[in-house]
Amino acid sequence: VGAWDVMGDAYGFDRRAQVGMLSAYSRIKLGWCQETQIKANGRYILEPTSTSCQIYRVNVGFPHKAEYLLLESRRPVGYDSTVPEEGGLAIWHIDLRRKYGAEE
């Protein structure tokens, strides 16, 4: 996950120990945020991660309930102030059936 999660790179994007936000998955696991499941087609808006707890979950297209996507907006604001360029949409592929450290 690199600099997109402080658990992957504690030095952040600027390599000067400017720590970024935890990933959507990490914040959910810690109980800091809850995801909102997207169940229908539509237009959705995400506020920047560093100013909100808005995270979307997408289950559609995955055969097992332990596999899904988490969506969050990463913008250069607050803890994420060193996010490259204008930031953008982070899409996390979660598969809870995978073992820690397992290679593809």
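Scroll up to find the structure this text is about.
Here is a short report on the structure shown in this document. All of these numbers come straight from a predicted model, not from anything done at the bench.

1. A word on the overall build of the chain
- For the chain, the helix and strand inventory stands at one helix and four strands.
- Tracing the chain from N to C terminus, the helices and strands come up as α-β-β-β-β.
- Out of the 104 residues in the chain, the part that is buried amounts to 35%.
- Taking the contacts inside the chain whose residues are at least 6 apart along the sequence as the reference set, 41% of them involve residues at least 24 apart.

2. As for the sheet that holds strand S4 (residues 88-95)
- Across the sheet, four strands lie side by side as S1-S2-S3-S4; this open sheet has mixed pairing. One side of each edge strand has no neighbouring strand; the edge strands of this open sheet are strand S1 (35-37) and S4. Within this sheet the neighbouring strands show an average axis-to-axis angle of 30°, counted without direction.
- One ladder, built from three bridges, connects S1 with strand S2 (residues 55-58); its direction is parallel. Residue Gln37 lies in a different strand from S2, and its bridge partner there is Arg57.

3. Some thoughts on the state of the cysteines
- By the definition in use, this model includes one disulfide.
- Between the sulfur of Cys33 and that of Cys53 lies a disulfide, 1.9 Å long from S to S. Handedness here is read from the sign of the S-S torsion; for Cys33 and Cys53, about -65°, the answer is left-handed. On the criterion of sequence distance, the pair formed by Cys33 in the loop between helix H1 (24-29) and S1 and Cys53 in the loop between S1 and S2 is long-range, its members being 20 residues apart.

4. Observations regarding the nonpolar core
- With eight residues, the main nonpolar core is built from Ala24, Cys33, Ile55, Tyr68, Leu70, Ala90, Trp92 and Ile94.
- For this core, the secondary-structure elements that each account for two or more residues are strand S3 (67-74) and S4.
- Top contributing element to this core by residue count: S4, with three residues.
- For Cys33, the contacting residues outside a window of four places in its chain are Arg27, Ile28, Cys53 and Ile55.
- The next biggest cluster of nonpolar side chains, apart from the first, holds five residues, and it includes Ile38, Leu46, Val58 and Leu71.

5. Quick word on the packing of aromatic side chains
- The tally for this structure, following the rule as stated, stands at one aromatic pair.
- Here the aromatic rings of Tyr44 and Tyr56 are separated by 5.4 Å at their centres, their planes lie at 70°, and the arrangement is edge-to-face. Highlighted residues: Tyr44 in the loop between S1 and S2 and Tyr56 in strand S2, separated in sequence by twelve residues.
- The residue whose ring lies beneath Arg57 is Tyr68, and the NZ or CZ to ring-centre distance is 3.6 Å.

What counts and what doesn't
Residues numbered from 1 in each chain as written. Predicted model: local features only at pLDDT ≥ 70, side-chain atom pairs only at ≥ 80, totals over all residues. Heavy atoms only, no water. Helix = DSSP H or I, 4+ residues; strand = E, 2+ residues; numbered from the N terminus. Buried < 20%, exposed > 50% of the residue type's maximum accessible area, 1.4 Å probe, protein only. Contact = heavy atoms within 4.5 Å. Pairing = 2+ DSSP bridges. Axes fitted to C-alpha atoms, helices over the stretch in contact; angles between N-to-C directions. Disulfide = S-S within 2.5 Å. Core = buried A, V, L, I, M, F, W, Y, C linked by side-chain atoms within 4.5 Å. Phe/Tyr/Trp six-rings, centres within 6.5 Å; stacked < 30°, edge-to-face > 60°. Lys NZ or Arg CZ within 6 Å of the ring centre and 35° of its normal.

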